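Below, each chain spelled out in residue letters.
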Amino acid sequence: MATVYAFVAHSDGVLDDSAAELAAAAKKFTDAPVTAIVTGSGVDAAAAKAAELFPAVWKIDAAELAYPNAEVVRKALLNNLDAGAVVLMAHNTFGMDLAPGLAVKIGGAFVADVVDIEGADGDTLKVIRQEFGGVVSTHVTVDMSAGAVVTIRPGAVAPLEGAAGGAVEDKAAGDVSAKRKFIEVREPEAGDVDITKAEVLVSIGRGIEDQDNIELAHELAKAIGSQAEVACSRPIVDAKWMDASRQVGTSGKTVKPKVYLAMGISGSFQHMGGIKGGVIIAVNKNPNAPIFQVANVGIEADILEFIPELTEALGEL
Amino acid sequence: MEILVCVKRVPDTAENEIELNSAGNDIERDDLVYSVNEWDNYAVEEAIQIVDKVGGTVTVVTVGDEDADEVLRREMAMGAQNGILLNDEAFEDSDAMGIATLLKAAAEKGKYDLIMTGAQADAGYAAVGGMLAAMMDLPYASLVNMVEVGDGKLTVGREIEGGNQEINEIELPCVLSIQTGINEPRYVGIKGIRQVSGIEIPEFDAAGLGVDPATVGAAGAKTKRVDYFIPETGEGAEMLTGSTEEIIAKLIDIMKANGGLK
Ligand SMILES: Cc1cc2nc3c(=O)[nH]c(=O)nc-3n(C[C@H](O)[C@H](O)[C@H](O)COP(=O)(O)OP(=O)(O)OC[C@H]3O[C@@H](n4cnc5c(N)ncnc54)[C@H](O)[C@@H]3O)c2cc1C
């Protein structure tokens, strides 16, 4: 097998949580030393942190890499990677931008959003991933003989602990001229409520079925008390039924309520990735809904009937 | 602006419960209801809105069999002028690289300023757009939730973590993968689909595309799905059972115990 690399994300000198997860993922299929790649501008601190996790670190430091523009980063990587390289990175919005094109340019295989790695059999990597929003899992084989790019779902692999004490090697970015230019990052507008402050969230998903039914969730929140707010999954925001400031998930808000009531939400990793604490209670009419695997408490019920009944019961307390 | 939008016919998870078949190695495919991949509707809508503003045509293309005709016609009923079907037994079980190889061949038969895909589809690879761009040496932006047409370039917003939007300028021609929520895809009724039923949809096989069958389909796939399965999970949720009153009583206790009810 060719050299295995881990592209490590970082900001302000701090490694992303995915870095230690990539180190652990690599260990699942290779005993050979894995080289971390840290790109950016002025990234000594991040490179030093990466050296604690990986036995070797490449630092590609250049002004053009200050903001991670996938096209620019891809060029910097290709100017350095050897043929047949195997590159791991996180399946986040940057990984989604960079990884598929990198696989094409390496001439290798591509597999995305891997949730577990079973091992490697020669050049064949065996991984587990999910389809249909996590309802079913799949075993997938990846022919790494001409290299590969593998993206790992954030949070899916237990992070590696322990010190590697690797050495940092400087690498030149080379020509990174690009047809895409980063301008700025715009922050979302503040909404009417701050769901991150609520102790209880009544969170509704596509199971609410109709905009008119959203009132049921507001009534329930009211019956619970002033500590409760209504939140939602992404399809509700996409449908313009609720403001984006109420969306929980990787592309929305990260919340930490005491109680999270997931009503008609299937449990996609992008949604669950926004819930960082508290007891998760899922109500779903499908007993096989993936959310029942990650929630603390499950109720198999139709939310359109269950929510009003709960509201009424709370009113009688 | 000449725009090509790549679309896919997928099992509709809102209409079906995706389950394993009795052999336990594939999903149950009998009686599945299919529709257009959710992300693709947003891509087609965006393409139509751009053409409404600056002129041009929208062409939709898919890799699939005869059944895929219906998704092309649905998108044409939305307002795409042309459809293209890439259909050959040799295309079956292509991995994302194979699909991108086929779409590249189709794209090179025309002259497009802008190529769009959905950000991802049923298998969740989110790969085809980025691969297509790299194969064609075009610039690419993924997870696009805003497009503004400029002179020889676009200003695009990419959805990144935490609801932030990353603004980029990207030269034309380029490839974009479109994220849900960028617009409100228009409704398509039976009548609209009937109106486009007569339009001829050109079909290409491997020879017609000039693609070596060995590089696509199962033969060319480096990434292969071996089976479907339902994982043995850990504990999972504690399921509350009993009558609705009993369930609600237990739920209220749990909410109280966790500080959710005052
Ligand atoms: C880059 C990216 C970022 C994303 N970011 C986010 C994010 O921040 N937040 C987010 O939520 N999603 C996000 N998504 C989307 C995510 O992948 C899922 O598509 C989404 O979370 C699904 O929402 P849902 O669970 O409400 O809908 P579905 O997956 O459609 O699930 C609906 C559930 O409701 C159940 N149901 C239906 N009717 C009823 C009823 N009457 N009673 C009870 N149950 C019922 C069904 O059984 C099903 O389990 C993102 C996707 C991408 C690609």
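Not measured: the values here are computed from a predicted model.

Asks: Looking at this structure, how should I read the overall build of chain A?
Replies: Scanning chain A from terminus to terminus reveals 9 helices and 17 strands. C-alpha atoms of chain A, sized along the principal axes, occupy 70 × 40 × 35 Å. The buried share among the 317 residues of chain A stands at 57%. Taking the intrachain contacts of chain A between residues at least 6 apart in sequence as the baseline, contacts between residues at least 24 apart amount to 61%. As presented, chain A carries roughly 12,300 Å² of accessible surface, and 47% of it is formed by carbon and sulfur atoms.

Asks: What is the right way to read the site of the ligand from this model?
Replies: Looking at the ligand, there are 30 residues lining it, with Ser233, Ser251, Ser266, His271 and Asn284 of chain A nearest. What surrounds the ligand is not a single chain but chains A and B. The separation between an oxygen atom of the ligand and a polar side-chain atom of Ser233 of chain A is 2.6 Å. Within the side chain of Gln270 of chain A, a nitrogen or oxygen atom sits 2.8 Å from an oxygen atom of the ligand. In the complex, the protein chains occlude 88% of the 990 Å² of accessible area that the ligand would expose alone. Those elements that provide at least two residues to the shell around the ligand are helix H6 (234–238) and helix H7 (269–272) of chain A. In terms of residue class, the shell around the ligand is built from 7 nonpolar, 17 polar and 6 charged.

Asks: So what exactly am I meant to see when it comes to the UniProt feature "domain: Electron transfer flavoprotein alpha/beta-subunit N-terminal" (unreviewed entry) in chain A here?
Replies: UniProt records the feature "domain: Electron transfer flavoprotein alpha/beta-subunit N-terminal" (unreviewed entry) for residues 4–189 of chain A in the present numbering. In residues 4–189 of chain A, helix accounts for 23% and strand for 38%; the two terminal C-alpha atoms are 41 Å from one another.

Asks: Mind showing me how you'd approach helix H1 (residues 18–27) of chain A here?
Replies: In an α-helix, one turn spans 3.6 residues; hence positions three or four apart end up facing the same way. Residues and elements named next belong to chain A. Counting buried residues in H1 gives 9 out of 10 residues, a clear majority hidden from the surface. Within H1 the residues assigned to the buried category are Ser18, Ala19, Ala20, Glu21, Leu22, Ala23, Ala24, Ala25 and Ala26. Buried residues along H1 sit against strand E1 (4–7), strand E3 (14–15), helix H2 (44–53), strand E6 (86–90), strand E7 (109–121) and strand E10 (148–152).

Asks: Could you clarify how one ought to interpret a negative patch on the surface in this entry?
Replies: Residues and elements named next belong to chain B. A contiguous patch of negative charge, built from Asp65, Glu66, Asp67, Glu89, Glu92, Asp93, Glu203 and Asp205, is present on the exposed surface. Tracing the chain through its elements places Asp67 in the loop between strand E4 (57–63) and helix H2 (69–78). On the accessibility criterion, Asp67 (41% relative accessible area) is partly exposed.

Asks: Which parts of the structure should I look at to understand the pairing of E10 of chain A?
Replies: Regular strands place side chains that alternate from one sheet face to the opposite one. All names here are of chain A. Burial of E10 is extensive: 5 of the 5 residues sit out of reach of the surface. Residues Ala148, Val150 and Ile152 point to one face of E10 and Val149 and Thr151 to the other, with burial holding for every one of them. Taken together, the 5 bridges between E6 and E10 define a ladder with parallel strand orientation. Paired with Leu88 across the bridge in E10 is Val150. The pairing of E7 with E10 spans 4 bridges and is classified as parallel. In the sheet register, Ala109 faces E10, and the bridge partner there is Ala148.

Asks: Sorry, what's going on with the side chain of Ser203 of chain A here?
Replies: Residues and elements named next belong to chain A. With respect to the helices and strands, the residue Ser203 is situated in strand E13 (residues 200–204). Here the side chain of Ser203 touches Cys232 through a polar contact of 3.4 Å, landing on its backbone nitrogen. At a separation of 2.7 Å, a polar atom in the side chain of Ser203 contacts the side chain of Tyr260. Contacts of Ser203, omitting those with residues within four sequence positions, involve Ala231, Cys232, Ser233, Tyr260, Leu261, Ala262, Met263, Ile265 and His271.

Asks: Help me understand the confidence of the model for chain B in this model?
Replies: Reading predicted coordinates in detail is not appropriate for stretches of low pLDDT. For chain B, per-residue confidence averages 96 on the pLDDT scale, and 99% of positions sit at 70 or higher. Among the scores for the predicted complex, ipTM is 0.96 and pTM is 0.96.

Asks: Teacher, can you tell me more about the pattern of salt bridges here?
Replies: If the charged atoms of two oppositely charged side chains come close together, the side chains can form a pair. With the rule as written, the count across this model stands at 31 salt bridges over all chains. Taking the shortest distance from any N to any O, the salt bridge between Lys181 of chain A and Glu169 of chain B comes out at 3.8 Å. With Lys181 of chain A in strand E12 (residues 180–186) and Glu169 of chain B in strand E9 (residues 165–171), this pair bridges two chains. Taking relative accessible area as the criterion, Lys181 of chain A reaches 49% and is therefore assigned partly exposed. Given a relative accessible area of 22%, Glu169 of chain B falls into the partly exposed group. Residue Glu169 of chain B pairs with Lys153 of chain B through a salt bridge whose shortest N-O separation is 3.7 Å. Of the two residues, Glu169 of chain B sits in strand E9 while Lys153 of chain B sits in strand E8 (residues 153–159), which places them 16 residues apart along the sequence.

Calculation criteria
Residues numbered from 1 in each chain as written. Chains lettered and ligands numbered in written order. Predicted model: local features only at pLDDT ≥ 70, side-chain atom pairs only at ≥ 80, totals over all residues. Heavy atoms only, no water. Helix = DSSP H or I, 4+ residues; strand = E, 2+ residues; numbered from the N terminus. Buried < 20%, exposed > 50% of the residue type's maximum accessible area, 1.4 Å probe, protein only. Contact = heavy atoms within 4.5 Å. Areas by Shrake-Rupley, 256 points an atom, 1.4 Å probe, with all protein chains shown as cover. Near = heavy atom within 4 Å. Polar contact = N/O pair within 3.5 Å; in protein donor to acceptor, adjacent residues only side chain to side chain. Nonpolar A, V, L, I, M, F, W, Y, C, P; charged D, E, K, R; others polar. UniProt positions renumbered as here; feature names shortened; annotations may be inferred. Patch = residues over 30% accessible without salt bridge, like charges linked within 9 Å, V, L, I, M, F, W, Y side chains within 5 Å. Salt bridge = Lys/Arg side-chain N within 4 Å of Asp/Glu carboxyl O. Lys, Arg positive; Asp, Glu negative; His and termini not counted. Charge placed at Lys NZ, Arg CZ, Asp CG, Glu CD. Pairing = 2+ DSSP bridges. pLDDT = per-residue confidence, 0-100.

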